[in-house]
Amino acid sequence: MKKSVFLFLTIIVLAQTVLAQNSGAVEMADTMRDSGKIYVVVAVISIIFIGIVAYLFSIDKRVKKVEKGNG
Amino acid sequence: MTKNWWKIIASVLVLYSIIGGLLIEVPSLPILHESIRNLYFHVPMWFTMIILYLVSVIYSIKYLSSGNENDDLLAVESVNAGIIFGFLGLLTGMIWANYTWGDPWPNDPKLNSAAISTLMYMAYLVLRNSLEEEQKRARISAIYNIFAFPVMIVLLFILPRMTDSLHPGNGGNPGFGGYDLDDNMRWVFYPACLGWIMLGVWIATLRYRIRKLENSQLDS
């Protein structure tokens, strides 16, 4: 009887350490990705970047125009 | 360099690195967690800065042998654009450090070196502005630039490697390429670096062209 109780306790302790190890795994934002909303962030950053690049191109065009006018 | 195709390639590469950098799977590492994705954005800032400084020093040497004013202008505008990327690298690094190393400025040798080299290039700009005569200014600042570039390389790549540093690849730490950078990450990281470098060169050439226009207006 005593032996089985001891065995039971050992199993619980072991199980807990295993569980603790599992929860100690590196946490990544997998659930955020699953929910799909990360795409919103991607879209926002992409639009900002596309906007800045478009702006750069427009500056480029204006500089080209002035260069032609001077040359 | 006024053609458009390489600017479009640069934009597409960076855009790809933003989308891929946020969505493509990354290795699960302790402490870093998802912040490992900063590699795609923080590190290219420094690479872009170094390439722009390299362009600058090449044109400084060219100026000394040719005496052509345009070479001097390209040198200074490359530094002007490079310094922006240097500040972006410092700021993004501080945010990243705050959440992984627990301090925005943990007095890491690489951080201090980066700060010193940024100050060194700011001194270059101050030196230029303090000289009135154009040819003297161009010559003295070109020589300063030639000395500053190797010092920057030593500060960023040699000194931090000789002591303990938190940065990967320094003080006996394995580099990111060692085991953190898996094949998935390479496919985003290298295009990101290439894209940002081209974007930086684009901004530098834009500044150079505007500066040239300003100068031609002054002459006429």
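Relevant structure appears above.
Residues numbered from 1 in each chain as written. Chains lettered and ligands numbered in written order. Predicted model: local features only at pLDDT ≥ 70, side-chain atom pairs only at ≥ 80, totals over all residues. Heavy atoms only, no water.

Once that is clear, we can look at the side chain of E77(B). Within the element layout of this structure, E77(B) appears in helix 3 (residues 69-100). On the basis of relative accessibility, which here comes to 3%, the residue E77(B) falls in the buried class. (Helix = DSSP H or I, 4+ residues; strand = E, 2+ residues; numbered from the N terminus. Buried < 20%, exposed > 50% of the residue type's maximum accessible area, 1.4 Å probe, protein only.)

To continue, consider the packing of aromatic side chains. The final tally for this structure, using the stated rule, is eight aromatic pairs over all chains. Geometrically, the ring pair formed by F57(A) and W202(B) is tilted, given 4.7 Å between the ring centres and 55° between the ring planes. Taken together, the positions of F57(A) in helix 3 (residues 38-70) and W202(B) in helix 6 (residues 183-219) put the pair across two chains. For W202(B), a relative accessible area of 0% translates into the label buried. Plain terms: the ring middles of Y124(B) and Y144(B) are 6.2 Å apart, the flat faces sit at 25° to each other, and that makes the pair stacked. Of the two residues, Y124(B) sits in helix 4 (residues 109-130) while Y144(B) sits in helix 5 (residues 134-162), which places them 20 residues apart along the sequence. By relative accessible area, which is 0% here, Y124(B) ends up buried. (Phe/Tyr/Trp six-rings, centres within 6.5 Å; stacked < 30°, edge-to-face > 60°.)

A cluster of acidic residues, E69(B), E133(B), E134(B) and D219(B), forms a negative patch on the protein surface. In this fold, D219(B) is placed in helix 6. (Patch = residues over 30% accessible without salt bridge, like charges linked within 9 Å, V, L, I, M, F, W, Y side chains within 5 Å. Areas by Shrake-Rupley, 256 points an atom, 1.4 Å probe, with all protein chains shown as cover. Salt bridge = Lys/Arg side-chain N within 4 Å of Asp/Glu carboxyl O. Lys, Arg positive; Asp, Glu negative; His and termini not counted. Charge placed at Lys NZ, Arg CZ, Asp CG, Glu CD.)

Further remarks concern the pattern of salt bridges. For the structure shown, the criterion picks out seven salt bridges over all chains. For D60(A), the salt bridge identified is with R209(B), shortest N-O distance 3.4 Å. One end of the pair, D60(A), is in helix 3; the other, R209(B), is in helix 6, on a second chain. Since its relative accessible area comes to 1%, D60(A) is described here as buried. Overall, R209(B) belongs to the buried group, its relative accessible area being 5%. Linking R211(B) and E77(B) is a salt bridge whose minimum nitrogen-to-oxygen distance equals 3.3 Å. In this pair, R211(B) is assigned in helix 6 and E77(B) in helix 3, connecting sequence segments 134 residues apart. Within this structure, D60(A), E67(A), K7(B) and R209(B) form a network of salt bridges that share partners.

What follows covers the interface of chain B and chain A. One widely used convention gives an interface's size as the accessible area the parts lose upon coming together. Taken together, the 28 residues of chain B in the interface contact 23 residues of chain A. Buried area between chain B and chain A, summed over both chains or domains, comes out near 2,300 Å², and the portion from carbon and sulfur atoms is 73%. Of all residues in chain B, L23(B), R209(B) and L213(B) give up the largest surface area on contact with chain A, accounting jointly for 23% of the area buried on that side. Our count for the chain B to chain A interface comes out at three salt bridges. Across the pair K7(B) and D60(A) runs a salt bridge, and its minimum N-O distance is 2.8 Å. Counting across the interface, chain B meets chain A through four residue pairs in polar contact (both at pLDDT 80 or more). Breaking the side of chain B that touches chain A down by element, the ones donating at least two residues are helix 1 (5-23) and helix 6 of chain B. (Contact = heavy atoms within 4.5 Å. Buried area = accessible area lost by both parts, 1.4 Å probe. Polar contact = N/O pair within 3.5 Å; in protein donor to acceptor, adjacent residues only side chain to side chain.)

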